[in-house]
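Breakdown of the fold
The residues making up each chain are set out below.
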Amino acid sequence: MADTGVVLSVHDIAKGFGSVQALSAAQLDIRSGEVHALMGANGAGKSTLVKILTGVYSADGGTVILNGQPRVFHSPAEARGAGIVSVYQDPALVPDLTVAQNMRLARVALPDVRGWLDELGISQLDDRALVRELPYTTLRLIDFARALASNPVILLLDEITAALPADLAEQVFKIVRAWREVGKSVIFISHRMAEVSSLCDRATVLRDGKTVGVVEMAAKGSDERIVSLMLGAEIAKRTAAAVTRSLRSTANSEGPAALEVKNLHYGHALNGVSFMLRRGEVLGVSALEGQGQQELFDCIAGVRRYDKGSIAADGKDLKPRHPADAIRAGVVLIPANRLEALLPQRSIAENAALAGFGRLASWGPIAMADERSRVANAVRRLQIDTRAEAEVKRLSGGNQQKVVIARWLASGFKTLLCFDPTRGIDIGTKQQIYALVRELASAGNAVLLFSSEMPEIALACDRAIVLYAGRVVHEMLAADANEASLLRAAHGLPPSGGALQ
Amino acid sequence: MSRNDIESLPPESLAVAMRFLRRNPALVGMPALLIAAMIFTVIVHPAFGSFELQSLALAALPLALAACAQAVVVISGGIDLSVGPMMSVANVLAGSLMVHGSFVGALLWSVLILLVGALEGLANGLLVKISRIPDVVVSLTTGFILGGVALLIMERPGGGAPAAFLDLAAGTTFSEWVPNALIFLVVVVGAVWTPVVRSRLGLLIYATGSDRVAAFRSGVDTDFARLVAYVISGVFSALGGIALTMTTGIGAPLSGTIYTLSGLAAIVIGGVSLSGGKGGIVGPVIAAILLSLIPADLIFLNIDPNYGQVIQGTLIVIVVMAGGFAASWQARG
């Protein structure tokens, strides 16, 4: 095998969960000294393949050949031992142990990790700090440094840049490139096409549990080819550009105020946030990690109680003490973590109907027929994949997010708060969700949308505000809200142009 | 350490001290609470002397060992409802095997009883691992079985052990103010727990309890860590059963029953998080002494000792609520 330079070779891997066949014929060849993208829409089988490679699941059939040896991994420990180390979207660090203890846990030398952290620009980290006390972004970099320090044969990066500030993401890429230069291999999973084209050498595309193609990234039009492979021939005709055009056609800047936030304070996180959201409008919120965006959305949705300031929903004072208060006022939240909003063991229908139960005027029996038809309508409208409808936890991330939206469609709402609704969701479903958000706004609703991916603000919103250190530092029209100006404002700099303040 | 001393320290060590306090509130809070309770006791009962101290140590010893047994499993992210019955089994085994023996014979029987305890723990751990049935259900069921076994070994209270053996906990070898029960407690808890907490094994147990998924992905054999926690729990329970023989002088088939729940109470008050991964073993041990002081104080105050349960329950609610408030207060920073 060494003469072809292939370090890892996967043949015909299959894996089923009950009636759902997640993988049927997955192929993957990783050469030494390459960054290889693993692409696929939600439910294509990417995460199942990753879990088989890292020993979380065992395959029903097929072979994994590492350095010429057929291997079967029964646990993550075995896969690590063989040199396949992964970095997940949520860091695999134990919260109640210190950083140093976590390194010992994975049998990695602390000085090596420190060396990599220095390269990432984090040199002043206290390794006696509890993981629980450190910010999420830092943890992801520690997890990355720990994986590098264990000197793996194959480094597997699963959505490493999701919700990572742009400067740190660039730092990560620099290291990945250097890693490739010394002949190491990386499997790279990302939903951001720009990253994949700039970083990767080749891409393997999965669709419906099968490998449908391998694309050389250096070739011309490789992006388009990946998208068409991912979506399949039919859907690919509806190009991204068409969706974008339809999104922007219905901007509305003169509607009545749906949500008026004045001088909102919460602990140290919010220091006087003020803005107005109009009916029929999608207002984007942009911010780097930890600038108060989570607290802002939580305060409006009634998850946390704000200290000072005021919120008015459709002119009426709103000081929610509980999410039910906000829901009653027509203000509903779609969180980034789908599972925060869902009952994972219950069916799609039950999850979608849940919010409706809260609105019952009496304690009488549920009007089943009415409930059922409204839920069925919402599910159909959102094109939710209902193959695994009995348990929401078996759905893919994108379909879970759709169930959350379906819930609010079925129960009715006036103002939608979307907090990073497309985190870790594939491009196709992302566009469906944004198209839906636009459609809801033009039907007379109002939408407040935070996205950690700045290009999406310009794509889906009419206006954008930028949060920095718990304050609104800039407000701009979507036309001016390109990635560069948002990024400057989010770093507390004046945007090069288009500030309305 | 006075306020001035603290301020004169370099800021680095102050920060380290503050962090230690924040992470181990029980290690500071529990001794303070115990000292306050002791002062209160001496005030309401000025005649409190070495005899009362010895009774307190005797009452606290089995509870403290039950708390240790429970703490290890809860730290690993589980729960063990068979601690009490395991203590009963060890207690009746000791009472029946040691009744006519010598001191050395009793020591040898103790080794066997500890082995039985370890096997009981192993059975719990294996059942949890293999069957994937929730540990609450598994340990409740094995608890029922072991409760029956204890009754089969000894139908009614009886038996005994050599006086010299009983004196290991019941006597006062060094001073009437230093009950052997306290020394016994420190020695056996130290002997079992120190090697665990100082080794990689302790790290595995804490990691598994704190976040099983993250630990698993870090390459930890979480099943093994949980199994070991149950075995240690079995050993501590057997020690508790032997301690019951030492403090009561006999074996009794139902003697351990109350210690499942009062052990849980002690660990919660002693700062072990029921969600796992947090706490230690010193807090629960001190909490066990504190809980043993409550009925004594009630007698001194001429109050119905049955109020003891009410007070114990109230204490748990206060401690758990305080923990919750502290967490939400920290979160708002």
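Residues numbered from 1 in each chain as written. Chains lettered and ligands numbered in written order. Predicted model: local features only at pLDDT ≥ 70, side-chain atom pairs only at ≥ 80, totals over all residues.

Considering the domain arrangement of chain A
Condition: All the domain ranges listed were derived from an automatic or database domain assignment.
Here the domain parsing of chain A yields domain 1 (2-243) and domain 2 (255-330 + 417-433 + 445-501). One C-alpha centre belongs to domain 1 of chain A, the other to domain 2 of chain A; they are set 32 Å apart.

Observations concerning the sheet that holds strand 11 (residues 257-266) of chain A
Residues and elements named next belong to chain A. The line we're drawing: Two strands make a pair as long as DSSP finds a minimum of two bridges between them. Helix and strand definitions follow DSSP, with helices as H or I runs of at least four residues and strands as E runs of at least two, each counted in order from the N terminus. For every residue pair, C-beta atoms are placed from the backbone, and the pair is scored as a contact if these atoms sit within 7 Å. Simply put, an axis is a line fit to the C-alpha atoms, just over the touching stretch for a helix, and the angle between two N-to-C directions goes from 0 to 180 degrees.
Spatial strand order, 12-11-14-15: four strands in an open sheet with antiparallel pairing. For this open sheet the edge positions go to strand 12 (270-278) and strand 15 (316-317), each flanked by a neighbour on one side alone. Pairing of strand 11 with strand 12, which is carried by seven bridges, proceeds in the antiparallel orientation. Its bridge partner being in strand 12, valine 261 is matched across the sheet by phenylalanine 275. Sheet strands touched by helix 11 (residues 293-301): strand 11, strand 12 and strand 14 (308-313). Its angle to strand 12, the strand with the most contacts, is close to 65°.

Concerning the nonpolar core
Basically, it comes down to this: To define a nonpolar core, we join buried Ala, Val, Leu, Ile, Met, Phe, Trp, Tyr and Cys residues through C-beta atoms within 7 Å and take the resulting set. In this scheme every C-beta is placed from the backbone, and a residue whose C-beta has 20 or more other C-beta atoms within 10 Å is buried, one with 12 or fewer is exposed, and one in between is partly exposed.
Formed by 158 residues in total, the largest nonpolar core has its most connected members in Leu61, Ala64, Ala67, Cys68 and Ala288 of chain B. Examining the composition of this core, we find that 17 residues originate from one element, helix 4 (residues 50-75) of chain B, more than from any other. Discounting residues that sit within four places of it in the chain, leucine 61 of chain B has contacts with Ala169, Ala181, Phe184, Leu185, Ala243 and Thr247 of chain B. The next biggest cluster of nonpolar side chains, apart from the first, holds 83 residues, and it includes Leu259, Trp408, Ala464 and Ala490 of chain A.

A look at the packing of helix 4 of chain B against helix 13 (residues 259-269) of chain B
All names here are of chain B. Heads up, the rule is: Put simply, angles under 35 degrees are roughly parallel, angles over 145 are roughly antiparallel, angles from 65 to 115 are roughly perpendicular, and the rest are oblique. For this classification, the nonpolar set comprises Ala, Val, Leu, Ile, Met, Phe, Trp, Tyr, Cys and Pro, the charged set comprises Asp, Glu, Lys and Arg, and every other residue, Gly included, is treated as polar.
Relative to each other, helix 4 and helix 13 sit at 70°, their axes nearing to 8 Å. Our classification of the angle between helix 4 and helix 13 gives roughly perpendicular. Along its contact with helix 4, which presents Pro62, Leu63, Ala66, Ala67, Ala69, Gln70, Ala71 and Val74, the element helix 13 presents Tyr259, Ser262, Gly263, Leu264, Ala266 and Ile267. Of the residues belonging to the contact of helix 4 with helix 13, the class tally is 11 nonpolar, three polar and no charged.

Notes on the packing of helix 9 (residues 180-197) of chain B against helix 12 (residues 222-248) of chain B
Residue and element names in this part refer to chain B. Relative orientation of the contacting elements helix 9 and helix 12 amounts to 175°, with a least axis distance of 11 Å. When the axis of helix 9 is compared with that of helix 12, the two are roughly antiparallel. The residues of helix 12 that touch helix 9, namely those facing Val188, Val192 and Val196, are Ile232, Val235, Phe236 and Leu239.

Examining the pairing of strand 3 (residues 35-40) of chain A
All names here are of chain A. Counting buried residues along strand 3, six of its six residues qualify, which places the element largely inside the surrounding structure. A two-sided burial pattern is seen for strand 3, the buried positions comprising Val35, Ala37 and Met39 on one face and His36, Leu38 and Gly40 on the other. Of the pairings in the sheet, the one linking strand 3 to strand 8 (residues 185-189) comprises three bridges and is parallel in character. Bridge pairing links alanine 37 to phenylalanine 188 in strand 8. As paired strands, strand 3 and strand 9 (residues 202-207) are joined by five bridges and run parallel to one another. Within strand 9, the residue paired with leucine 38 across the bridge is threonine 204.

Some details on unusual backbone geometry
Residue and element names in this part refer to chain A. At aspartate 12, a position not held by glycine, the phi torsion is positive, near 50°. Looking at the secondary structure, you find aspartate 12 in strand 1 (residues 6-17). With phi around 50°, asparagine 263 is a residue other than glycine that occupies positive phi space. Within the fold, asparagine 263 resides in strand 11. For asparagine 263, a count of 12 C-beta atoms within 10 Å translates into the label exposed.

Here we look at the interface of chain A and chain B
With 19 residues of chain A at the interface, the matching set in chain B holds 18 residues. When residues of the side of chain A that touches chain B are traced back to their parent elements, those giving at least two are helix 2 (76-82) and helix 3 (99-105) of chain A. With four residues, helix 3 of chain A is the single largest residue contributor to the side of chain A that touches chain B. Residue composition of the side of chain A that touches chain B, grouped by class: 11 nonpolar, five polar and three charged.

Things to note about the confidence of the model for chain B
Residues and elements named next belong to chain B. Our working rule: Every residue carries a pLDDT, the predictor's confidence in it, which falls somewhere between 0 and 100.
Of the residues in chain B, 95% have a pLDDT of 70 or more, and the chain-wide mean is 89. Per-element confidence in chain B ranges from a low mean pLDDT of 43 for helix 1 (residues 3-8) to a high of 97 for helix 5 (residues 83-97). In this model residues 1-9 is a low-confidence stretch, pLDDT under 50, and it forms three contacts with partners more than four residues away in sequence or in other chains. Across the whole predicted complex the pTM is 0.74, and at the interface the ipTM reaches 0.81.

Focus: the sheet that holds strand 13 (residues 282-286) of chain A
Residue and element names in this part refer to chain A. Within the open sheet, the six strands sit side by side as 16-17-18-13-19-20. Their pairing is mixed. Edge positions in the sheet fall to strand 16 (331-334) and strand 20 (471-477), since each has one partner strand and no second. Shown here is a sheet whose adjacent strand axes are inclined to one another by a mean of 20°, direction ignored. For strand 19 (residues 463-468) and strand 20, the ladder comprises six bridges, and the chain directions are antiparallel. In the sheet register, valine 466 faces strand 20, and the bridge partner there is histidine 474. The sheet contacts of helix 17 (residues 427-442) involve strand 13, strand 17 (415-419) and strand 18 (446-450), and relative to strand 18 the element is tilted by about 150°.

Notes on the pairing of strand 4 (residues 61-66) of chain A
All names here are of chain A. Summarising the sheet, strand 1 and strand 4 pair through five bridges and their orientation is antiparallel. Directly across from leucine 8, in strand 4, lies its bridge partner leucine 66. Relative to strand 5 (residues 69-71), strand 4 runs antiparallel, the two sharing three bridges. Bridged to leucine 66 within strand 5 is glutamine 69. What sits between the antiparallel neighbours strand 4 and strand 5 is a turn of two residues, in which asparagine 67 has the positive phi angle 50°.

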